[in-house]
Amino acid sequence: MVLSVVALTASFAAPAAAQSADTAERTLSSTEAQAGDVVEVTETIQLSESGTVDWSAEFSPAFQNVEYTSTDNADFPTFDNDKALASWGDVSEVTLVYEVTIPDDANVDDTYTISSSLSSPEETDVTGEDTITVVDGSDGGDGSDGGNEDNTGDGPRYENDLSVSPGDTVYQGEEDTEFSDEFTSDVLNGVENGGAEGEQLSFPIPQDQETGVYGDGNENTVTVTDPRVDDITINRLDDSGNEITDVDGSSITTEDADQMNVVADYNFDDAEYAELTITDESDTDITNQVLASGEDDTLKDGEPVRLDLSDEDAGTYTFTVEGGENLDFGSAADTTTVEMTTDDDLGLELATSDAVRGDNVKYTVTSGSDDDLHYVVIESSDFRDGVSPDNAERIFRNVADTEEVGAYDADNDVKNPADIEDADFAWAQVEMDGTTAVGQIETQYVDDSSIDVDVYNNDVAIDQIDDADSEDDVSLDVSEGDISIENPSDTYVVGSEIDVTGSATGADEVALFARDNSDWELITQNIDVDSDDTFEEEDFVLSSSDHGDGADILSLPGTYRFGVIDQSDADEVMNDDNTIGTSDFNQGSSASMSLRVAEGDLTAEFETINGEIAEDVDEDITFEGTARGQREVVVAFVDQRGNTVVDTVSVDSDDHTFDEEDFSLAGLSQGTVSAHVISDGRDDQYGDDDLPGTYTDIVTWVDELEDESLTGDQIRDRISSETVDESASDDRMVTDTFRYTDASTTVESVYPEGAAADGVNPVGIDDTIVAEGQTNLQPSDNTISVEILDEDGTSKEIASTDEWNTDGQWSLSVSTDNLDVGTYTLESDDSETTDRTDIEIVEERQDDDGDDGDDGTDGDDGEDDTDGDDGDDGTDGDDGDDGTDGDDGDDGTDGDDGDDGTDGDDGDDDGTPGFGVAVAMIALLGAALIALRRNDN
């Protein structure tokens, strides 16, 4: 064994914190080898401190094969025949073992160089370069008499009872051998940094022996690795013994199975040969039965053993390769299978026997040989009527195991659709993947009946199909698909965008038609049907002049028929003018419905506050409306001086609404402003078509009116006369007006809570102040505050609100908790304007008494000789007027004056505080004075 070591110290010019490699070494199991030999390479790296290791190696020229046998848990170890890479993170030492194979075609004296380096922790070469020299079999170059590492050249150790020499590779589980006399001990110890440090090695070697390098302490070492069968290849051969294809894990027909071989790649041929076992489905060992003449079941690494399975029955056969003696465990044993089929078994299966036209139907060619090519064919008699050569080529889909598809004109022997006059059949060529090949049939282009599908033997060429018999055939029943319409429902508004939706089983595409009283007329066609059998045409205008004549039918109000038909059916029966007769339409895969077509409408509302917009605060306006049948509307604002603001607004296609928040009015003058929403009606043109046609053109036209020095009224007249007032116009316009003015917030009323009153009223010290007022500001963007100030201007109470309606009426409640009896200033503030009023806070708010009742009338005077009758008492009610004196009696003795009539009861308080009792007292005094004056008379 050759050992190369280089010691690396911290002498590199690196930062203090950087890690360095203390040791990095490479050992080779041999520096001389024969062509095809395997040399084991061990690389060890030891760091001064734990860190990251990034290792790479280059091989020049490339080896036949490079393979890791131990990576020491490397991250992402990769290799190729000319290079290898590996990385480790947070390690202090690593050991990497890999094998390189000298190419079989290497010449004696060829050299192969191995160089490796570290890019981390520091850029470092590992031991420089090592060279392997190719030698012939007569001298292994290491003191042996041949190229085998067992120093004999006579084959594996087991078969030749050979001992293990220094530099050899031994294997986990290897028995029946011993170390040669060159070793100083029968027990070897793991070499430092060799991957097995601290372990011991002796024969027999346990199956779980630690892999790595072991030695006797006198530089005599061996390497322990795991025995592996890396690959088993079963090849199909031609009559000359050349390999055609590998069939392991696949299939082969019994006809082709007379020329086969098996090749095994394994790594333990210096210890013992591998053995081949072949079993049938009953697990019977048939190896000796199928070995070709002169072959045995011993497999040398990489050397083929010929087989003949042509006399075996159809079925699955298992090939097992493992060590012939002790190495028959774990990765030292591997298996593969081959499926045997007979020519008579070639078949064709369908995933379903029934399909709706337009479905993709899977077919499977069965019981073929791997890599064989077969034609699958559908005759032209099963084509759909009128199918073109291009569509005939689409009957088979180029998917899965399909190699090629097409149509064939047998009369002219052509496959190119462009050159085909009349296709005789559609075909697909499939390649067997194992025992099966999968493809698909597109039923869109076949007849809605029972169609036949044939598969032909692999030796039948396309120009022989007409005269050959198929190996198998199946029938597929194809029926027409169903179509349904989900939207539109029952009504369509002229000009509106809708989503046309529905389902179409078995169709690839559909077409839309409309009918009035005669044939169906095309609206549009080639609408794709999705894989879930649904179709959808979003934001589609059925009445658009951009579509076919069927759209013109739906551009006028009325009731019509709307239909959807399979595009393939439409293509078969549609006339040159894109019409279909009623009978032909109904016979195809189609659906229709009654559709009422209605005119659109237009509404609009502009949001103002008490009919005003505050220019210096809001400067914008919010509006909304509906415009059925429109995709956009034009919105224009015109002031008295002829300034305009105009733009387009989109209409939602689902609910036909439009809305715009904070539409800017910048550029308009204060005063009365008119707002207009204009639509072009059903005919998609403004006025009589003298105006520009698009929405944006109308915006430009209105903008340009501003440049003509017109007044606001003139511009309004011009807009109306060219649109809604134009002769025969179906345009629509909604108009509103508002004041565009300064911001304004005023205080209108102040009163105690629960005693609403106009004007400014006193408020009791225990009451809550209610302030009401008027504003023209938008509540969404503004706040009104009310503040109570004392005579020094000190704020005593404050409250605010941002909630009021479009009438501009605002209201706030303010506490009197921090107020005393006296006079205060109430101030409103909206951040732009303020308003003030003085208010009185009183000790106690008094309610007013009701009006006094009238006094009762005096009784009439009695006659002279008799007392006058007493006057009647005054009636109750509101305070009555004082009762009148009774009439004087006839002359004679004066009678006594009648008693004064009693005062009527006081009525309810009149609401004026402190006056009810005073009025009653005055009334009583007045009545007494009148009585005294009467008595004096």
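For the protein chain, the name recorded in an unreviewed UniProt entry is Collagen triple helix repeat-containing protein, with Natrinema pellirubrum as its organism.

This next bit is on the packing of helix 7 (residues 695-705) against helix 8 (residues 712-722). Where helix 7 meets helix 8, the closest approach of the two axes is 10 Å, and the angle between their N-to-C directions is 150°. Between helix 7 and helix 8, the interaxial angle falls into the category roughly antiparallel. Seen along the crossing, helix 7 lies across helix 8 with a hand that is right-handed. In this structure, helix 7 contributes Trp701, Val702 and Leu705 to the contact, and helix 8 contributes Ile715, Arg718, Ile719 and Glu722.

The six strands lie next to each other as 25-33-32-27-30-29, forming an open sheet whose pairing is mixed. This sheet does not close on itself; its edge strands, each paired only once, are strand 25 (354-356) and strand 29 (402-408). This sheet shows a mean twist of 25° between the axes of neighbouring strands, independent of strand direction. The pairing of strand 29 with strand 30 (residues 425-431) spans six bridges and is classified as antiparallel.

Moving on to the sheet that holds strand 48 (residues 657-664). In spatial order, the strands read 43-45-48; together these three strands make up an open sheet with antiparallel pairing. Across the chains shown, the open sheet's two edge strands, defined by having one partner strand only, are strand 43 (603-607) and strand 48. With strand direction ignored, the average angle separating the axes of adjacent strands in the sheet is 15°.

Bringing the confidence of the model for the protein chain into the picture now. Mean pLDDT over the protein chain: 83, with 84% of residues reaching 70 or higher. The weakest mean pLDDT in the protein chain belongs to strand 1 (residues 2-7) at 36; the strongest belongs to strand 19 (residues 274-279) at 96. Between residues 849-853, whose pLDDT stays under 50, and residues either more than four places distant or in other chains, the model counts 30 contacts.

Enumeration over the complete set of coordinates arrives at 20 aromatic pairs. Measuring from centroid to centroid gives 4.2 Å for Trp520 and Phe585, while their planes differ by 15°, and the two rings are stacked. Of this pair, Trp520 sits in strand 38 (residues 520-528) while Phe585 sits in helix 6 (residues 582-587), and the two are 65 residues apart along the sequence. An aromatic cluster of three or more residues is present, and its members are Trp55, Phe59, Phe63, Tyr68, Phe79, Tyr98 and Tyr112.

Tallying each qualifying case throughout the model produces 17 salt bridges. Taking the shortest distance from any N to any O, the salt bridge between Asp569 and Arg384 comes out at 2.1 Å. Here Asp569 is found in helix 5 (residues 567-573), whereas its partner Arg384 is found in the loop between strand 27 (373-379) and helix 3 (389-393), with 185 residues between them in sequence. The two residues Asp569 and Arg384 agree in class, both being buried. Several salt bridges converge on common partners, so that one network encompasses Glu67, Glu99, Asp226, Arg228 and Asp230.

What counts and how
- Residues numbered from 1 in each chain as written.
- Predicted model: local features only at pLDDT ≥ 70, side-chain atom pairs only at ≥ 80, totals over all residues.
- Heavy atoms only, no water.
- Axes fitted to C-alpha atoms, helices over the stretch in contact; angles between N-to-C directions.
- Helix = DSSP H or I, 4+ residues; strand = E, 2+ residues; numbered from the N terminus.
- Parallel < 35°, antiparallel > 145°, perpendicular 65-115°, else oblique.
- Left-handed = near helix turned anticlockwise from the far one by under 90°.
- Contact = heavy atoms within 4.5 Å.
- Pairing = 2+ DSSP bridges.
- pLDDT = per-residue confidence, 0-100.
- Phe/Tyr/Trp six-rings, centres within 6.5 Å; stacked < 30°, edge-to-face > 60°.
- Salt bridge = Lys/Arg side-chain N within 4 Å of Asp/Glu carboxyl O.
- Buried < 20%, exposed > 50% of the residue type's maximum accessible area, 1.4 Å probe, protein only.

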